[in-house]
Amino acid sequence: MAELLDIFRALADPTRLRVVALLREMELAIGELAAVLDQSQPRVSRHVRILAEAGIVERRREGSWVFLRIAAEGAASDIIGQAGAWPFSEGEALVNANDARRLAAVRAERVAAAARYFADHAVEWDAIRSRHIAESEVEAAMLAMMGARGLGHLLDIGTGTGRMAEIFAPAARRVTALDRSPEMLRLARAKLAGHAVPIDLVQGDFLNLPVEDASIDSIVIHQALHFAHEPDRVIAEAGRVLRSGGHLLIVDFAPHADEELRTLAAHARLGFSDAQIGGWFAAAGLAVENTQTLEGGDLAVKLWLGRRADGDNQSPLVNTDKRLAA
């Protein structure tokens, strides 16, 4: 752990104070920091290295990008947590205000980049959406199935654009949103910036979750399991990180014969049956608590809610199929 003197030495520089103020607002890449500070990347990197060595800033790699954020734990984290009450001079406050305006431009560019990505891929996504019930109906069913329970630390596997993290965050203490695609994580970051609930965006593989055993209270896998060639291993990995009594909600398609989705959207699996999911749940130490079917197009959407089995806590299957007209 960094010595207290190292922490204050690291903070005793106007540029590094500006970096801290910016990272208290949001995660930023080195290039984004350099743009806001109007300094070269090598110079900003040197300042960041000093802050990192003092335990004030931590790095997080996402593909070829490296994002910076205030360290979540340690003495430095406690000190930075009080930064809102620091007695900045009038001149320092003016500099921070100017930086905040440039930071708003960074946020705006992220949103614009997300819009461009959506536009480039709108055709394939719209083609899939048109084949099943409206997402608003699916989301309502998911919220109802998870109920009013507190979700604790929620893991959103295959977060994509961050929509699941967004709708479930109000019931969670913390959210970890994971995706393999750096492009998708950038979309999610634009959507989730400034959310009241702490949301960590993490690049990772659903077959090898970068999460400790039995450390997660709730997991959501929304329309991501069909990308897995070994979905049983995905569920087993989810079971590994789920705490006793924790819940796993999977939303995906019922079995179908739409082979076009293999080429249109890289689907490895054409839906799942109750027997498949139930078997994989059991192998992962999960008991199926509830299922639901939503029909309203060529593709039926299924919801499966499982609970980490813990002796007598296992619950019988309850099927509450909901048939909706197309």
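The shown structure was predicted, so the numbers you read here are calculated from the model rather than taken from an experiment.

(A) Representation of the overall build of the chain in the model. The helix and strand inventory of the chain stands at twelve helices and eleven strands. A total of 326 residues make up the chain; the buried ones form 48% of that total. Pairs at least 24 residues apart make up 68% of the contacts formed inside the chain by residues separated by at least 6 positions. Accessible area of the chain: about 15300 Å², with a carbon and sulfur share of 52%.

(B) Examining the packing of helix H2 (residues 14–23) against helix H4 (residues 41–53) more closely. Where H2 meets H4, the axes come as close as 10 Å, and the angle between the chain directions of the two elements is 75 degrees. Here H2 lies roughly perpendicular to H4, going by the angle between them. Counting all contacts with H2, which are made through Thr15, Arg16, Val19 and Val20, the residues of H4 involved are His47, Ile50 and Leu51. Residues belonging to the contact of H2 with H4 are distributed by class as follows: four nonpolar, two polar and one charged.

(C) Summary view of the packing of helix H10 (residues 231–241) against helix H12 (residues 274–283). With their axes 9 Å apart at the nearest point, H10 and H12 run at an angle of 40 degrees to one another. Viewed along their axes, H10 and H12 adopt a mutual orientation that is oblique. When you trace H10 past H12, the crossing you get is right-handed. In this structure, H10 uses Pro231, Asp232 and Ile235 to contact H12, whose residues at the interface are Ile277, Trp280 and Phe281. Across the contact of H10 with H12, the residue classes break down as five nonpolar, no polar and one charged.

(D) Quick peek at unusual backbone geometry. In this structure, Asp38 is a non-glycine residue whose phi angle is positive, near 60 degrees. Position of Asp38 among the secondary structure elements: in the loop between helix H3 (30–37) and H4. With a phi close to 50 degrees, Ala214 is a non-glycine residue in the positive phi region. Mapped onto the fold, Ala214 is located in the loop between strand E6 (199–203) and strand E7 (216–222).

(E) Region of the structure containing H2. With eight of its ten residues buried, H2 lies for the most part within the structure. Every buried residue of H2 is accounted for by Thr15, Arg16, Leu17, Arg18, Val19, Val20, Leu22 and Leu23. The N-terminus of H2 is capped by Asp13, whose side-chain oxygen sits 2.9 Å from the backbone nitrogen of Thr15.

(F) Representation of the pattern of salt bridges in the model. Applying the stated rule across the entire model yields 20 salt bridges. Close ionic contact of Arg69 with Glu27 constitutes a salt bridge, the shortest N to O distance being 3.2 Å. In this pair, Arg69 is assigned in strand E3 (residues 65–70) and Glu27 in the loop between H2 and strand E1 (28–29), connecting sequence segments 42 residues apart. The class for Arg69 is partly exposed, based on a relative accessible area of 21%. With a closest N to O distance of 2.9 Å, Arg174 and Asp200 form a salt bridge. In this pair, Arg174 sits in strand E5 (residues 172–179) while Asp200 sits in strand E6, placing the two residues 26 residues apart along the sequence. Residue Arg174 is classed as partly exposed on the basis of its relative accessible area, which comes to 26%. Looking at Asp200, the relative accessible area reads 16%, which means it is buried. Several salt bridges converge on common partners, so that one network encompasses Glu27, Glu58, Arg69, Arg174, Arg189 and Asp200.

(G) Just the packing of aromatic side chains, in detail. Using the criterion set out here, one finds one aromatic pair in the structure. On the numbers, 6.0 Å between centres and 75 degrees between planes, the contact of Phe272 with Trp280 is edge-to-face. Arg189 extends its terminal NZ or CZ atom over the ring of Phe67, reaching a point 3.9 Å from the ring centre.

The rules behind these values
Residues numbered from 1 in each chain as written. Predicted model: local features only at pLDDT ≥ 70, side-chain atom pairs only at ≥ 80, totals over all residues. Heavy atoms only, no water. Helix = DSSP H or I, 4+ residues; strand = E, 2+ residues; numbered from the N terminus. Buried < 20%, exposed > 50% of the residue type's maximum accessible area, 1.4 Å probe, protein only. Contact = heavy atoms within 4.5 Å. Areas by Shrake-Rupley, 256 points an atom, 1.4 Å probe, with all protein chains shown as cover. Axes fitted to C-alpha atoms, helices over the stretch in contact; angles between N-to-C directions. Parallel < 35°, antiparallel > 145°, perpendicular 65-115°, else oblique. Nonpolar A, V, L, I, M, F, W, Y, C, P; charged D, E, K, R; others polar. Left-handed = near helix turned anticlockwise from the far one by under 90°. Polar contact = N/O pair within 3.5 Å; in protein donor to acceptor, adjacent residues only side chain to side chain. Salt bridge = Lys/Arg side-chain N within 4 Å of Asp/Glu carboxyl O. Phe/Tyr/Trp six-rings, centres within 6.5 Å; stacked < 30°, edge-to-face > 60°. Lys NZ or Arg CZ within 6 Å of the ring centre and 35° of its normal.

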